[in-house]
Amino acid sequence: MENVSHTLAGLALARCGLGRTTPLATTALVAGANLPDVDLLWSSFRSALVYFHYHRGWTHALAGHAFLTIALWAVLLAIDRFLPGREGAERARPAPLLLAAALGVGSHVVMDAANSYGVRLLLPWSDRWFYGDLWAIVDPWLWLILGGTVFMTARGGRRRTLAWSMGAAVAAIVVLSAPVVPPACRAAWAACLAITVALCRHAARRRRPAGPSAAAAGLCLLLGYAGVGAVSHRSALARLRRLAPAAIGGAAASSGGGAEIAALPRPADPLRWEGLVIDERSIRHRVIGVFPALDPKEGSWTVHPRNLDGPAARALWTGCAGELVLEFFRFPFAAVETDADGGREIVVRDARYTRRGRGFAVFAAPLGADGLPAIDSDQCP
């Protein structure tokens with residue numbers, strides 16, 4: 001998930017009463033909710049391959065959760081004991097602070113595990129990815145649920161209201177102008193935003209903010225949203241299993257029949273999914289609704305040949321770049337294309353994110369005169 005949602009989740013947990021258990025508990029929850037993304041410090045400034053390899057690595061694993069929890073706890077205890085200006089202040093209690101740090105870091109891992117990017121929970125013992133496929137990396141419904149919860153349970157005055165109003169306006173501009181969000185979902189989100197704003201204005205008139213029970217209700221609403229996504233996802237997979245045999249010419253859409261299916265989340269649309277049917281030769285894609293009535297009118301399959309056994313692709317897989325691509329790309333497919341300068345290149349895409357053109361999870365390598373990829377070794381870790 002992006003860090004707005006992570007931060008709001010940490011604040012919502014604090015407002016449930018966890019932030020009152022000990023001094024610095026709120027800090028532990030909010031900092032912990034963002035801490036696993038510390039891997040961006042060493043994964044984001046060299047190449048896409050380095051990013052694919054290191055991001056959501058050990059800091060998002062169970063072992064990393066334990067390490068980051070203890071590290072954050074130790075740092076906050078040191079701040080509490082030795083930072084100038086803390087003399088005479090109430091001291092943080094170690095046990096509640098450790099619990100807050102663990103919950104903050106854990107909230108990050110759980111939220112990331114629920115989307116289609118996935119996490120590698122078992123590092124360093126296993127590189128296996130775990131994918132929840134419940135919501136997109138950027139989900140406006142999480143902003144609405146968590147943002148409304150945090151606003152209604154916070155103290156403040158006009159400045160706070162102005163800041164949150166600006167945040168809501170920015171979120172509305174992003175959602176209502178984003179072409180990836182279907183029009184019906186934009187309208188539903190805008191209507192819910194209006195209801196949330198009305199509730200927040202009512203809460204702002206009160207002398208005291210809503211209590212921990214309101215924050216708990218907000219988190220229950222979040223869990224309910226995740227439950228809706230889980231039920232919807234299961235229904236979409238069931239429909240894909242029924243449709244897949246016809247899509248691939250009668251072959252069984254199961255692991256035994258050589259085909260795999262996946263229903264991937266769409267931004268702000270919990271009732272329609274990106275349906276994929278994958279076999280060794282091709283990837284078929286279409287948007288599929290939980291019910292047939294929710295299918296888009298243009299409901300035909302788009303077929304993408306995988307071309308994973310062509311000469312250029314086979315040469316790519318033997319090097320470090322190809323190994324890293326196959327490590328991260330969940331549904332790879334390749335094509336030889338002409339670049340902007342008229343040269344030829346092999347382009348590998350991950351059908352989770354990009355099925356045509358350039359976008360996230362796309363790797364391209366120029367082809368030499370021999371038709372084989374020329375890889376700059378500096379791109380590899």
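Residues numbered from 1 in each chain as written. Predicted model: local features only at pLDDT ≥ 70, side-chain atom pairs only at ≥ 80, totals over all residues. Heavy atoms only, no water.

Draft legend 1. Local environment of the overall build of the protein chain. Looking only at helices and strands, the protein chain features twelve helices and seven strands. Overall size of the protein chain, expressed as C-alpha extent along the three principal axes, is 75 × 50 × 45 Å. Counting the 381 residues in the protein chain, one finds 47% classified as buried. Total accessible area computed for the protein chain in this model is approximately 18700 Å², and 63% of it derives from carbon and sulfur atoms. Of the side chains in the protein chain, 39 bear a positive and 28 a negative charge, and the two mean positions are spaced by 14 Å. (Helix = DSSP H or I, 4+ residues; strand = E, 2+ residues; numbered from the N terminus. Buried < 20%, exposed > 50% of the residue type's maximum accessible area, 1.4 Å probe, protein only. Areas by Shrake-Rupley, 256 points an atom, 1.4 Å probe, with all protein chains shown as cover. Lys, Arg positive; Asp, Glu negative; His and termini not counted. Charge placed at Lys NZ, Arg CZ, Asp CG, Glu CD.)

Draft legend 2. Broad picture of the packing of helix H1 (residues 3-15) against helix H7 (residues 140-152). Where H1 contacts H7, the axes come no closer than 9 Å and their chain directions differ by 35°. Seen along the crossing, H1 lies across H7 with a hand that is left-handed. Between H1 and H7, the residues in contact are Val4, Ser5, Leu8, Ala9, Leu11, Ala12 and Arg15 and Leu142, Trp143, Leu146, Gly147, Thr149 and Val150, respectively. The class makeup of the residues in the contact of H1 with H7 is nine nonpolar, three polar and one charged. (Axes fitted to C-alpha atoms, helices over the stretch in contact; angles between N-to-C directions. Left-handed = near helix turned anticlockwise from the far one by under 90°. Contact = heavy atoms within 4.5 Å. Nonpolar A, V, L, I, M, F, W, Y, C, P; charged D, E, K, R; others polar.)

Draft legend 3. Spatial organisation of the packing of aromatic side chains. Per the stated rule, a full pass over the model turns up 17 aromatic pairs. Pairing Phe52 with Phe328 gives two aromatic rings, centres 4.6 Å apart and planes at 5°, and the pair type is stacked. One end of the pair, Phe52, is in helix H4 (residues 48-54); the other, Phe328, is in helix H12 (residues 320-328), with 276 residues separating them in the sequence. On the basis of relative accessible area, Phe52 is assigned to the buried category, the value being 3%. For the pair Phe151 and Trp164, a centre-to-centre distance of 5.9 Å together with 75° between the ring planes defines the contact as edge-to-face. Within this pair, whereas Phe151 is found in helix H7, its partner Trp164 is found in helix H8 (residues 158-177), the two being separated by 13 residues in sequence. We classify Trp164 as partly exposed; its relative accessible area is 29%. Put simply, the rings of Tyr51, Phe52, Tyr117, Trp129, Tyr131, Phe328, Phe329, Tyr353 and Phe360 pair up and form one aromatic cluster. The ring of Tyr117 carries Arg56 above its face, with NZ or CZ at 4.3 Å from the centroid. Directly above the ring of Trp301 sits Arg286, whose terminal nitrogen or CZ lies 5.5 Å from the centroid. (Phe/Tyr/Trp six-rings, centres within 6.5 Å; stacked < 30°, edge-to-face > 60°. Lys NZ or Arg CZ within 6 Å of the ring centre and 35° of its normal.)

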